[in-house]
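# Structural overview
So you can see what is in the structure, the chains are spelled out below.
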Amino acid sequence: MDEKKRIVSGIQPTGTITLGNYIGAVNNWRKMQSDFDSIFFIADLHALTLRREPAEFRQTALSFFAQYLAMGLDPEKAIIYFQSQVHQHTELQWILNCNTYVGEASRMTQFKDKSAKHADNINMGLMDYPVLMAADILMFQSDLVPVGVDQKQHLELTRDIAIRFNNRYGETFKVPEAYIPTVGAKICSLQDPTAKMSKSDPDPNAYVAVIDDEATIIRKFKRAVTDSGNEIVVREDKPGVSNLINIYAAICDKAPSEVEKEFAGQGYGTFKIAVGEAVAAAFEPIRREYARYIADKEYLASVAKEGAQKAAYLAEKTLRKVKKRVGLISF
Ligand code: TRP
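This report concerns the structure included in the present document.

Cut-off values and rules
Residues numbered from 1 in each chain as written. Predicted model: local features only at pLDDT ≥ 70, side-chain atom pairs only at ≥ 80, totals over all residues. Heavy atoms only, no water. Near = heavy atom within 4 Å. Polar contact = N/O pair within 3.5 Å; in protein donor to acceptor, adjacent residues only side chain to side chain. Areas by Shrake-Rupley, 256 points an atom, 1.4 Å probe, with all protein chains shown as cover. Helix = DSSP H or I, 4+ residues; strand = E, 2+ residues; numbered from the N terminus. Contact = heavy atoms within 4.5 Å. Axes fitted to C-alpha atoms, helices over the stretch in contact; angles between N-to-C directions. Parallel < 35°, antiparallel > 145°, perpendicular 65-115°, else oblique. Left-handed = near helix turned anticlockwise from the far one by under 90°. Nonpolar A, V, L, I, M, F, W, Y, C, P; charged D, E, K, R; others polar. Expected span 1.5 Å × (residues − 1). Buried < 20%, exposed > 50% of the residue type's maximum accessible area, 1.4 Å probe, protein only. Pairing = 2+ DSSP bridges. Salt bridge = Lys/Arg side-chain N within 4 Å of Asp/Glu carboxyl O.

## Here we look at the site of the ligand
- Around the ligand lies a shell of 13 residues, among which Gly10, His46, Tyr129, Asp136 and Gln151 are the nearest.
- Taking Tyr129, its side chain carries an N or O atom lying 2.7 Å from a nitrogen atom of the ligand.
- Contact between the ligand and Gln151: a nitrogen atom at 3.1 Å from a side-chain N or O atom of the residue.
- For the ligand, whose free accessible area comes to 370 Å², the fraction covered by protein is 89%.
- Those elements that place two or more of their residues in the shell around the ligand are strand 1 (6–11) and helix 7 (124–138).

Following this line, the structure appears as structure tokens:
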């Protein structure tokens, strides 16, 4: 039998889903969902590692879920749910915790960065973050994990934990691979094109949200930081223009070199408006669909519940095996 490979991925519900998340993650997931056995969740438990205002957090998580659907993730094709509604994530995390060393967790770059940035809140969850991620992945026996480069180290830790567990207790987990897209892997901030576009950037001009309206999108691109000179080329000393070319290429499904040709001899001003218009056109149906979904809480709840049930069913199969392997009692 020709079984499909399984993919799993998630995004933390903080801020708003951006053009960067769309090009680097969700739009790829959408394309993959027919060819892979796909599981996409809202990583709400991970988001608790930083302090959240509860009412706002709940609203953001629901909004992200509606945005997943609006961007074309299809509950007929993929399992789509909230991480916090499937208790197997944290249950497996505990057992994995007991097979992960403090040393390796505390060496994670993201842990060190976030500890430095939030020195007043270096909580246990911050260090345990990648172990929860390992549970998310391993409980589904996933083959591939589409993530950004910044998550590569966490994927390596996940593989180490899986291999260690398999060696100690016998073959239990499939050892997953990171799947890092090459095109549009890194979309940068429109205000600082040397930094990644962040969905929680305090400056809303730095990112474009998939639910921004046309006028807002075009305005943000008009204000985008460019470089000196006037050539429209991808080049290391032109991070601003290179970023805009990459965005236009990803949205219009063209090679960056084609985009360079298309705009050769034109000014930055014209190009920025063209990029803005292309992005606005691509996001217009998403914004429309989003309005429809977010107004229908009952539908969102029914999709989320069904997704959680399917996820729990798959995860429980792994968890039962894990509990047995480590010697926990079962009657
Ligand atoms: N840590 C990931 C990120 O910030 C989100 C995430 C949580 C994830 N669990 C996952 C991604 C499991 C892939 C698989 O991007």
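Additional details are given in the paragraphs that follow.
## Notes on the side chain of Asn28
- Along the chain, Asn28 falls in helix 1 (residues 19–32).
- Within the structure, the side chain of Asn28 is placed 3.4 Å from the backbone oxygen of Gly24, a separation counted as a polar contact.
- The residues touching Asn28, leaving out its near neighbours within four places in the chain, are Tyr22, Ile23 and Pro181.

## Describing the packing of helix 3 (residues 54–70) against helix 12 (residues 268–294)
- For the pair helix 3 and helix 12, interaxial distance at closest approach is 8 Å and the crossing angle is 130°. Considering their axes alone, helix 3 and helix 12 lie oblique with respect to each other. The chirality of how helix 3 crosses helix 12 is right-handed. Contacts between helix 3 and helix 12 involve Leu62, Ser63, Ala66, Gln67, Leu69 and Ala70 from the first element and Ile286, Glu289, Tyr290, Tyr293 and Ile294 from the second.
- Tallied by class, residues from the contact of helix 3 with helix 12 come to eight nonpolar, two polar and one charged.

## What to know about helix 10 (residues 239–252)
- Helix length check: helix 10 (14 residues) gives 20 Å between terminal C-alpha atoms against 20 Å at 1.5 Å per residue, within 8%.
- The buried count for helix 10 comes to ten of 14 residues, which makes it a mostly enclosed element.
- Within helix 10, the full set of buried residues consists of Gly240, Val241, Ser242, Asn243, Leu244, Ile245, Ile247, Tyr248, Ala249 and Ile251.
- Buried positions along helix 10 lie against helix 1, helix 9 (214–222), helix 11 (256–262) and helix 12.
- Two residues or fewer after helix 10 comes Asp253, characterised by a positive phi angle close to 60°.

## Things to note about the pairing of strand 3 (residues 78–82)
- Most of strand 3 is tucked away: five of the five residues are buried.
- With burial as the criterion, each face of strand 3 is covered, one bearing Ala78, Ile80 and Phe82 and the other bearing Ile79 and Tyr81.
- The pairing of strand 2 (residues 37–42) with strand 3 spans five bridges and is parallel. Looking across to strand 3, one finds that Ser38 is bridged to Ala78.

## Some words on the pattern of salt bridges
- This model, assessed by the stated rule, comprises 13 salt bridges.
- With a closest N to O distance of 2.9 Å, Arg235 and Asp237 form a salt bridge.
- Given a relative accessible area of 51%, Asp237 falls into the exposed group.
- Here Lys254 and Glu262 are joined by a salt bridge, their closest N and O atoms 2.8 Å apart.
- Among the charged side chains, a salt-bridge network with shared partners connects Glu231, Arg235 and Asp237.

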